[in-house]
2 protein chains.
Amino acid sequence: MEIVVLRLGHRIARDKRITTHICLVARALGANKIIISGEKDQSILNTVIKVNNNWGEGIDIEYRKRWKEVINEYKKKQFCLIHLTMYGEKIQNTIQEIRKKENILIIVGGEKVPSEIYKEAEFNIGVTNQPHSEVAALAIFLDKYFDSTELEVNFKDAKLMIKPDLFGKKIIHVS
Amino acid sequence: MEIVVLRLGHRIARDKRITTHICLVARALGANKIIISGEKDQSILNTVIKVNNNWGEGIDIEYRKRWKEVINEYKKKQFCLIHLTMYGEKIQNTIQEIRKKENILIIVGGEKVPSEIYKEAEFNIGVTNQPHSEVAALAIFLDKYFDSTELEVNFKDAKLMIKPDLFGKKIIHVS
């Protein structure tokens, strides 16, 4: 099973924090790889590498200038292409079918998604049909795809771990 | 039942998009009200009002300079205070208990959360104990709190609606 997230059209000036959140959500909720297309932004790659180093492996991260090449590559590898969009079919009506797919490329748009993406995707999926957030849509998609089992995963080789606590902060430093 | 989200420590220069996403996620996933503390940012209030106007009611939005006053007010109203934090107890171990609470104030932090918040909260809750995104944490919390029933809600008095579609964009203009 391989779950890859493709972030479309990253713009350094405007999207830095949102794209960083997308990367960290992909990592925390069980995706194997994140690919960023659009403008190259080394700082985001560095952030993700640093989080992997501190909090454990983790997620692969890659920058690719051309999203079309990514789409073509994963189509050839026979991944199921899923585009998250507020225009899509309701997730609650499709997730059972999508769970049968072992290898998926989740496409997460920016402000303007090329119409080609809607055609290339096997599923255009809406997490509600209201305007909200690609970060939230990705999070809920992954949580539903994994049926919340991702919440129990431990990350290998972590230097820092949290001892979950109802009342405060407890960090464990692993040496 | 009343679900209120309190966003702590908004900074105009840095948090505009993340806070906007938090507001829209709160609206789309069934919260009744969002309160923003920190720097006053009229543009975010305007965005939310515009989304309510176009896509239907909707969520109340309010700016409050002092988060302490908000906390005190909702404690007096006997709301259950829940703080979303990566240090918190796992959501999957606590959500059953939290679902019994009818009126809740969900506190969503920024970069530096005052230690007082951890003490004031009845529950400090982690959506994973990994670093990721307050937008994602709020989304998953609301989805679990409502047990995904929020995905089926229709918004009243919408001028724009989407006809969910697997393959493209279909917007309905209500006149």
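That block above? That's the structure.
Since the structure is predicted, the reported quantities are computational estimates derived from the model, not experimental observations.

## Side note on the sheet that holds strand β2 (residues 33-38) of chain B
All names here are of chain B. Read from one edge of the open sheet, 6 strands run β3-β2-β1-β5-β4-β6, paired in parallel fashion. Looking at strand neighbours, the two that pair on one side only are β3 (60-63) and β6 (123-126), the edges of this open sheet. Adjacent strand axes in the sheet meet at a mean angle of 30° when their direction is disregarded. Inspection of the sheet shows strand β1 (residues 2-10) paired to β2 by 5 bridges, in the parallel sense.

## Focus: the interface of chain B and chain A
Between chain B and chain A, the residue contacts involve 42 residues of the former and 41 residues of the latter. Elements supplying a minimum of two residues to the side of chain B that touches chain A: α1 (12-28), α2 (42-55), β4 (80-90), α4 (91-99), β6 and α6 (134-145) of chain B. A per-element tally of the side of chain B that touches chain A places α1 of chain B first, with 6 residues. Taken together, the residues of the side of chain B that touches chain A sort by class into 23 nonpolar, 12 polar and 7 charged.

## Examining unusual backbone geometry
Here the bond from Glu-57 of chain B into Gly-58 of chain B is cis, since omega is -20°, no more than 30 degrees from zero. With respect to the helices and strands, the residue Gly-58 of chain B is situated in the loop between α2 and β3. Positive phi, normally seen in glycine, also occurs at Gln-78 of chain A, with a value near 65°. Relative to the assigned elements, Gln-78 of chain A resides in the loop between α3 (67-76) and β4 (80-90).

## Remarks on the relation of the copies chain B and chain A
Least-squares fitting of chain B to chain A yields an RMSD of 0.0 Å, with the transformation described by 0.0 Å of translation along the axis and a rotation of 180°. Both copies are brought into coincidence by an operation consistent with a two-fold rotation axis. Nearest to the rotation axis, the C-alpha of Ala-136 of chain B is located 2.3 Å from it, this being the minimum over chain B.

## Description of the sheet that holds strand β2 (residues 33-38) of chain A
Residue and element names in this part refer to chain A. Pairing in this open sheet of 6 strands is parallel, and the strands run β3-β2-β1-β5-β4-β6 from one edge to the other. With partners counted over all chains shown, the strands left at the sheet margins are β3 (60-63) and β6 (123-126), one partner each. When strand polarity is set aside, the average angle formed by the axes of neighbouring strands in this sheet is 30°. Pairing of strand β1 (residues 2-10) with strand β5 (residues 103-108), which is carried by 6 bridges, proceeds in the parallel orientation. Bridge pairing in β5 links Val-5 to Ile-106. Contacts between helix α4 (residues 91-98) and the sheet are confined to β4 and β6, with β4 contributing the most and set at about 165° to the helix.

Calculation notes
Residues numbered from 1 in each chain as written. Chains lettered and ligands numbered in written order. Predicted model: local features only at pLDDT ≥ 70, side-chain atom pairs only at ≥ 80, totals over all residues. Pairing = 2+ DSSP bridges. Helix = DSSP H or I, 4+ residues; strand = E, 2+ residues; numbered from the N terminus. Axes fitted to C-alpha atoms, helices over the stretch in contact; angles between N-to-C directions. Contact = placed C-beta atoms within 7 Å. Nonpolar A, V, L, I, M, F, W, Y, C, P; charged D, E, K, R; others polar. Least-squares fit on C-alpha atoms with pLDDT ≥ 70 in both.

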